[in-house]
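Examination of the molecular architecture
Spelled out from the first residue to the last, the chains are:
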Amino acid sequence: MSRAEPPPGGSLAQAVVRALWDRGQTLASVESLTGGLLAATVVDVAGASHVFRGALVVYATDMKASLADVPADLLAERGPVDPDVAVALAEGGRRRCNADWCLSTTGVAGPKPQGGKPVGLVFIALAGPGGTVVRRFDLDGSRAAIRTATVTTALRLLLDEMNELDAR
């Protein structure tokens with residue numbers, strides 16, 4: 001596929017890759033809850049190599065600090081499932097991967113609560129040219145369903161933010 005031919009298709013991931021392609025922008029991800037599923041979903045799209053910079057999978061709490069530059073004191077005070085941690089993950093990943101956009105995911109997929117946080121509590125952050133946003137979601141379902149819904153929700157957040165930035 002040449003650079004002049006954007007990726008075809010109609011899936012959400014294809015729409016993300018095409019939107020990034022059309023803008024000449026790049027994406028990275030920093031994943032805890034989703035464990036690489038977000039990156040895998042994006043790179044399943046033909047042409048993703050032109051827009052996807054890479055991913056950090058920081059499942060262990062100490063890896064969030066060492067790889068994604070999340071302040072250790074923030075992690076010690078609040079734990080890994082926190083909106084400010086999600087923001088730090090996205091901003092650290094954007095810097096580390098030298099990307100225009102970076103999505104981060106953190107939360108509790110279950111089957112049991114973690115650190116006093118309920119199953120289904122998810123934070124997704126997006127760092128981009130217009131700043132950083134973070135959203136809280138309370139998702140239902142199995143561990144797999146929560147992880148899959150998180151990926152879908154993250155991709156929708158990215159598309160919505162790109163469209164909103166274009167509208168300004």
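Just above sits the structure.
First, a word on scope: everything that follows refers to the structure included in this document. (Residues numbered from 1 in each chain as written. Predicted model: local features only at pLDDT ≥ 70, side-chain atom pairs only at ≥ 80, totals over all residues. Heavy atoms only, no water.)

1. Some points on the state of the cysteines
- By the definition in use, this model includes zero disulfides.
- Unpaired in this structure, C97 has its nearest cysteine sulfur neighbour in C102, at a distance of 6.1 Å.
- The class of C102 is buried, set by a relative accessible area of 0%. (Disulfide = S-S within 2.5 Å. Buried < 20%, exposed > 50% of the residue type's maximum accessible area, 1.4 Å probe, protein only.)

2. Quick look at the packing of helix 3 (residues 61-68) against helix 5 (residues 83-97)
- The contact between helix 3 and helix 5 brings their axes to 9 Å, and the two run at 40°. Viewed along their axes, helix 3 and helix 5 adopt a mutual orientation that is oblique. Residue-level contacts link K64, S66, L67 and A68 of helix 3 to A88, L89, G92, G93 and R96 of helix 5.
- Within the contact of helix 3 with helix 5, the residues separate by chemical class into four nonpolar, three polar and two charged. (Axes fitted to C-alpha atoms, helices over the stretch in contact; angles between N-to-C directions. Helix = DSSP H or I, 4+ residues; strand = E, 2+ residues; numbered from the N terminus. Parallel < 35°, antiparallel > 145°, perpendicular 65-115°, else oblique. Contact = heavy atoms within 4.5 Å. Nonpolar A, V, L, I, M, F, W, Y, C, P; charged D, E, K, R; others polar.)

3. Things to note about the environment of V70
- Looking at the element boundaries, V70 is found in the loop between helix 3 and helix 4 (72-78).
- The exposure class of V70 is buried, given its relative accessible area of 2%.
- On a C-alpha basis, the gap between V70 and A48 in space is 27 Å, while along the polypeptide they are 22 residues apart.
- The residues contacting V70, other than those within four sequence positions of it, are K64, A65, L75, V85, A88 and L89.

4. Some details on the sheet that holds strand 5 (residues 131-138)
- Strand order in this open sheet of five strands is 2-1-3-4-5, and the pairing throughout is mixed. Every interior strand has two partners, whereas the edge strands, strand 2 (52-57) and strand 5, have only one. In this sheet, neighbouring strand axes are inclined to one another by 15° on average, regardless of whether the strands run parallel or antiparallel.
- Two elements, strand 1 (residues 27-31) and strand 2, share five bridges in a ladder whose sense is parallel. Residue pairing for strand 2: A28 is matched across the bridge by G54. (Pairing = 2+ DSSP bridges.)

5. Quick notes on helix 1 (residues 12-23)
- Under the 1.5 Å per step criterion, the end-to-end length of helix 1 is 17 Å for twelve residues, consistent within 8% with the ideal 16 Å.
- Elements that come into contact with the buried residues of helix 1 comprise strand 1, helix 2 (37-43), strand 3 (101-107) and helix 6 (143-167).
- G24 lies just past helix 1 and shows a positive phi near 70°. (Expected span 1.5 Å × (residues − 1).)

6. Examining the nonpolar core
- Core analysis: the biggest nonpolar cluster contains 31 residues, and L27, L103 and L158 have the highest contact counts within it.
- At the level of secondary structure, the elements contributing two or more residues to this core comprise helix 1, helix 2, strand 3, strand 4 (121-128) and helix 6.
- Top element by residues in this core is helix 6. It accounts for eight residues.
- Not counting residues within four places of it along the chain, the set of residues in contact with L158 comprises V16, L27, W101, L103 and L126.
- Grouped together as the second largest cluster of nonpolar side chains are 14 residues, A28, L56, V58 and A99 included. (Core = buried A, V, L, I, M, F, W, Y, C linked by side-chain atoms within 4.5 Å.)

7. Remarks on the pattern of salt bridges
- Counted according to the given criterion, the structure contains nine salt bridges.
- When the shortest N-O distance is used, the salt bridge between D69 and R96 registers 2.8 Å. Linking D69 in the loop between helix 3 and helix 4 with R96 in helix 5, this pair joins segments that are 27 residues apart in sequence.
- For D69, a relative accessible area of 33% gives the class partly exposed.
- One network of salt bridges, with partners in common, ties together E77, R78, D82 and D84. (Salt bridge = Lys/Arg side-chain N within 4 Å of Asp/Glu carboxyl O.)

Geometry only, nothing functional implied.
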